[in-house]
Amino acid sequence: MWRARAAAASCVVCQNALNGTHGTRRKAVLQKMCFVSQSIHHSRYPISKFQRLSLRTSVQQFSTLNRYPLHKFKLHVKYGSQPHRNFWLARVASRLLKLRYIVLGSAVGGGYTAKKTYDQWKDMLPDLSEYKWIVPDFVWELDEYIDFDKLTKALPASEDLMKLLPDFDKIGESFGSLRGFFAPGYNLVSEVIGASDLLLLLDSSRETAFRATDQGGENDKQYKKVSDKEKVDQLQEELLHTQLKYQRMLERLEKENKELRKIVLQKDDKGIHQRKLKKSLIDMYSEVLDILSDYDASYNTQDHLPRVVVVGDQSAGKTSVLEMIAQARIFPRGSGEMMTRSPVMVTLSEGPHHVAMFKDSSREFDLTKEEDLAALRNEIEVRMRKSVSEGCTVSAQTISLNVKGPGLQRMVLVDLPGVISTMTSGMAPDTKETIFSISKAYMQNPNAIILCIQDGSVDAERSIVTDLVSQMDPQGKRTIFVLTKVDLAEKNVASPNRIQQIIEGKLFPMKALGYFAVVTGKGNSCESIDSIREYEEEFFQNSKLLKKCMLKAHQVTTRNLSLAVSDCFWKMVRESVEQQADAFKATRFNLETEWKNNYPRLRELDRNELFEKAKNEILDEVISLSQVTPKHWEEILQKTLWERVSTHVIENIYLPAAQALNAGTFNTTVDIKLKQWTDKQLPSKAVEVAWETLQEEFSRFMTEPKGKEHDNIFDKLKQAVKEESIKRHKWNERAEDSLRVIQHNALEDRSISDKQQWDAAIQFMEETLQSRLKDTESVIEDMVGPDWKKRWLYWMGRTKEQSIRNETKNELEKMIRCNEDHPAYLANDEVTTVRKNLEARGVAVDPCLIKDTWHQVYRRHFLKGALGHCNLCRRGFYYYQRHFVDSELECNDVVLFWRIQRMLAITANTLRQQLANTEVRRLEKNVKEVLEDFAEDCEKKVKLITGKRVQLAEDLKKVREIQEKLEVFIEALHQEEK
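Since we're looking at a predicted model, the values are computed, not measured.

This part takes up the packing of aromatic side chains. Tallied over the full model, the rule gives 14 aromatic pairs. Seen in terms of ring centroids, Y285 and F969 are 5.2 Å apart; in terms of plane orientation they differ by 45°. Their pairing is tilted. Remark: F969 occurs in helix α38 (residues 948-977) and Y285 occurs in helix α14 (residues 281-294); sequence separation between them is 684 residues. By the burial criterion, Y285 is buried, and F969 matches it. Pairing W642 with F764 gives two aromatic rings, centres 4.9 Å apart and planes at 55°, and the pair type is tilted. Of the two residues, W642 is situated in helix α25 (residues 630-658) and F764 in helix α30 (residues 755-784); the sequence distance between them amounts to 122 residues.

Take helix α33 (residues 828-840) next. Owing to its 3.6 residues per turn, the α-helix aligns residues three or four sequence positions apart on the same side. Between its terminal C-alpha atoms α33 stretches 18 Å, which fits the 18 Å expected from 13 residues at 1.5 Å a residue. Among the residues of α33, V831, V834 and L838 are the ones counted as buried. All buried residues of α33 fall inside an arc of 65° around its axis, so they share one side. Opposite the buried face of α33, by more than 90 degrees, sit the exposed residues N828, D829, K836 and A840. Structurally, α33 contributes buried residues whose contacts are with α32 (800-818) and α34 (847-872). At the C-terminal side of α33, G842 shows a positive phi close to 85°.

Glancing now at the sheet that holds strand β2 (residues 344-349). Read across the sheet, nine strands follow the order β4-β3-β5-β2-β6-β1-β7-β8-β9 without closing on themselves; strand pairing throughout is mixed. This sheet does not close on itself; its edge strands, each paired only once, are β4 (365-366) and β9 (514-517). Of the strands in this sheet, β1 (308-312), β2, β5 (399-404), β6 (411-415), β7 (449-455) and β8 (479-484) touch helix α15 (residues 318-326), which is tilted by about 160° from β6.

Burial of β1 is extensive: five of the five residues sit out of reach of the surface. What you see with β1 is no split at all: V308, V310 and G312 on one side and V309 and V311 on the other are buried throughout. In this structure, β1 lies alongside β6, joined through three bridges in parallel fashion. Each residue of the ladder has a partner; that of V310, found in β6, is D415. Alignment of β1 against β7, held across five bridges, turns out to be parallel. Its bridge partner lying in β7, V311 is registered against C452.

This brings us to the state of the cysteines. Summed over the entire model, instances satisfying the criterion amount to one disulfide. Here C873 connects covalently by a disulfide to C891, the sulfurs 2.1 Å from one another. Where C873 bonds to C891 through sulfur, the torsion about that S-S bond is close to -100°, and the disulfide is left-handed. Of this pair, C873 sits in the loop between α34 and α35 (877-881) while C891 sits in the loop between α35 and α36 (892-936), and the two are 18 residues apart along the sequence.

As a further point, take the packing of helix α24 (residues 607-623) against helix α28 (residues 715-728). Here α24 crosses α28 at 50°, and the two axes come no closer than 11 Å. Here α28 runs oblique to α24, going by the angle between their axes. In terms of crossing hand, the pair formed by α24 and α28 is right-handed. Contacts between α24 and α28 pair F611, A614, E617, I618 and E621 from the former with L717, K718 and V721 from the latter. The class makeup of the residues in the contact of α24 with α28 is five nonpolar, no polar and three charged.

A word on the packing of helix α29 (residues 735-748) against α36. Between α29 and α36, the least distance of the axes is 9 Å, while the angle of their chain directions is 155°. When the axes of α29 and α36 are compared, the pair comes out roughly antiparallel. Of the two elements, α29 crosses α36, and the hand of that crossing is right-handed. Residues A735, S738, L739, I742, Q743, A746, L747 and E748 of α29 touch α36, and the partners they reach there are R899, I900, R902, M903, I906, T907, T910, L911 and Q914. Residue composition of the contact of α29 with α36, grouped by class: nine nonpolar, five polar and three charged.

A contiguous patch of negative charge, built from E929, E932, E936, D937 and E939, is present on the exposed surface. For the negative patch, the element with the highest residue contribution is α36, accounting for three residues. Looking at the secondary structure, you find E929 in helix α36.

Below, the discussion takes up unusual backbone geometry. Its identity as a non-glycine residue notwithstanding, Q327 has a phi of 60°, on the positive side. Take Q327: it is sitting in the loop between α15 and β2. Looking at Q327, the relative accessible area reads 24%, which means it is partly exposed. Not every positive phi belongs to a glycine, and K485 is a case in point at roughly 55°. Assignment of secondary structure puts K485 in the loop between β8 and α19 (486-492).

A word on a nonpolar patch on the surface. A cluster of nonpolar side chains, contributed by L793, Y794 and M796, occupies part of the molecular surface with about 370 Å² of accessible area. Within the fold, Y794 resides in the loop between α31 (788-793) and α32. Exposure remark for Y794: the relative accessible area of 57% places this residue in the exposed category.

This paragraph deals with the nonpolar core. Judged by nonpolar contacts, the single largest core of 107 residues is most densely connected at I330 and F969. The leading source of residues in this core is helix α23 (residues 558-598), at 12 residues. Sequence-distant contacts of I330, defined by excluding residues within four places in its chain, comprise E323, L367, L373, L376, R377, I380, L401 and V403. Judged by nonpolar contacts, the second largest core, of 99 residues, contains V645, V721, A735 and L812.

Let us now look at α32. In a regular helix each residue adds 1.5 Å, so 19 residues correspond to 27 Å; α32 covers 28 Å between its end C-alpha atoms and thus fits that length. Taken together, the buried positions of α32 are Q802, I804, R805, N806, T808, K809, E811, L812, E813, M815 and I816. Contacts made by the buried residues of α32 are with α30, α33 and α34.

What counts, and at which threshold
Residues numbered from 1 in each chain as written. Predicted model: local features only at pLDDT ≥ 70, side-chain atom pairs only at ≥ 80, totals over all residues. Heavy atoms only, no water. Phe/Tyr/Trp six-rings, centres within 6.5 Å; stacked < 30°, edge-to-face > 60°. Helix = DSSP H or I, 4+ residues; strand = E, 2+ residues; numbered from the N terminus. Buried < 20%, exposed > 50% of the residue type's maximum accessible area, 1.4 Å probe, protein only. Expected span 1.5 Å × (residues − 1). Arc of directions from axis to C-beta. Contact = heavy atoms within 4.5 Å. Pairing = 2+ DSSP bridges. Axes fitted to C-alpha atoms, helices over the stretch in contact; angles between N-to-C directions. Disulfide = S-S within 2.5 Å. Parallel < 35°, antiparallel > 145°, perpendicular 65-115°, else oblique. Left-handed = near helix turned anticlockwise from the far one by under 90°. Nonpolar A, V, L, I, M, F, W, Y, C, P; charged D, E, K, R; others polar. Patch = residues over 30% accessible without salt bridge, like charges linked within 9 Å, V, L, I, M, F, W, Y side chains within 5 Å. Areas by Shrake-Rupley, 256 points an atom, 1.4 Å probe, with all protein chains shown as cover. Salt bridge = Lys/Arg side-chain N within 4 Å of Asp/Glu carboxyl O. Lys, Arg positive; Asp, Glu negative; His and termini not counted. Charge placed at Lys NZ, Arg CZ, Asp CG, Glu CD. Core = buried A, V, L, I, M, F, W, Y, C linked by side-chain atoms within 4.5 Å.

See the structure below:
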């Protein structure tokens, strides 16, 4: 097709020249045509010897590629006779200004002439179709990208070409003087055309091959016939050396470009501070993926945005391939053990410095320093272990890492845990299934590029990942296959053809877009990226696989792999990103409609905004604790403290002291017991009561409803804040010591100053004794069962034990009536007497039951007597002032209760001061700290602030943010394409 179009184009030029010439002979017209067209289409007209030499030179130097070693050539131009023209000096001056058209005309004419001659010589050349793989694929598809019809129509007419050609006979001397000026351009063209000779010979279709060489200044060529094998070896060697030569040149230019970009990016107007760069495309795209990784998709809004998913068997070399692409040893290393425990999303982008940074951290790791590399590897390992839950081996939580550096290919890669076939000791039972589910979740994305890593040093039959990839992408439209450890494979594999079958996609039951063979080191974790790259290039340069045509040059090295993956990634991004943006736009509309229908009067507050609102409410409630009145604090503290210590006062102080026979013994016993109580139990009990009171008041403010403004969505959060704050709060340790001194001084005071205090003590004593008497009677009623009234009215009966206790109670009451001053404890002979009396009536009773019943009976008897004595002391304040001189009335028990009452009041006042001045403020500080900790803990917020409304608002916010960022990214992508 190409030859036909080229021939047609040449003929069109000739026809235009004939049709457009008037008043001249035909032979003269043909003399002005291009040499190749004149020799091919009009061979009956003679051409000169010099024209033949020019023809051969043009054919030999024609090529379509310019990537091979170039040779110099000499261009000889000579035309036939031309009619004489006047004013030749003016024409020479005008044509000298248009010498650039000479180069253009010569290139176009020479190209078509060489192509025409090439078609004639093609039948004479050997058939080397088996070696077409040496030539890049785009050469064979050139006619699909170049429209020769349009090119033919675009050529100027012959009249225009004739006008553009100057009179070379008369300007030869002038042209010779300018020859040195155009020498570099001629040399460049000659090198390009000379390099194309190699590809012309590779496309030959005959059994013999010829090679043309220049003979100094002579234009004659000598052809040497060689065997096919020698020719292929020679061409292969030249191809490899040429590729390596230009590869080194490209690396040198890239290195220089990196240095220049560093200077440009780091230099601002003053040359001191770093210039603020516009956010790159890949960074914008990475932000979208980071938001999606945190997005709690409860409304089936799974994204299909492109990513490069790196999958492979364990220890197949996934991490090493990623490090070669990132140009840094950034991942933790391990020998045969599982190192990748969670997905790691690596965003590669170009930047002035080779650095890495986590998305949730501001620290930059300098990848050119070994200390920072070690710290980065350690940080990745720590994050992986934290992401793994207890009892698990792997986690689906994604770790996001940004890597920037000069010359890095822009893309987003996700390194997944290696696929395993057997679980070892120490692994969770579901490790294998979890890895498969994580891999499938990423590969099910129809726009994900699957980078399948296969270890070339092991048997292909042991591969697990190939079956998994073939299931996810059976057509291979988004899969790139990478064979690692090719150096080991070349040494160990008995049949090298097996490697060729793998790279050609004939061995594994899977299809792929491309197949690559790479070498990622010698197995030493201390190797640098530069040394690995040099080793890889040296290996492939000397590899028999490449020399024996088992591997193609564009299928080897990690550099070619990186370029191919980046191209596939951005192609997929351009094809799918707008569709995904439309999908998120539709999701946003659905969520907004749902919110308007369900919550028309509420603002769309997400979880973070709701947390801030709840935080302000909680802080307001804590501050309200300081507004509690002192009277309220003291009443609560005094009442609660007496409830806690009343039993001890009655049972351990008042009752034992009341057994004394005189007032001196009573007061002595009371003073001793009060001193012991104050030193050991009372201060700690008072602090405990104060702390519990503070908790109750704090809980009351936190939980009581606030009317219509109350939002029950904050209840869990408030409860958690309350519990955690109380757990962290500790009362001042020195409070007990100061409180002990105050309480001891209060209890030592016995002076009642006025009648009002006396009456208050009488009332306090009476209320306490009545409360105790009521409790005692309730206990006795439970012991002996219902009385005769309840048995007749409510049809209730007594149990056998209650009947025995009732008989025992009646017998003990008889004993007390006989001796109302009986001591508090029964003697053993009295217990025996009671037991025998009961046995005489047919009631068998245990001595322990008798003593237990006696304790309650005597307690009731004592409390009734104490109440009677309290009534007598109502008018005893006069005798108290006279110290009960000349009076039989003794009211020392009233003084005891006054001392207790005064101690309670002073203690309550002291505790109130500690609460208001110290503990409330410390509690408020603890609440703030708890709220700050909860604000940083995202998992805690998700657990405490839940509900359909929260989830809907959260999804709506995320979808809006994703859609907006996608629109910005698409706009920037279109601008870059323009």
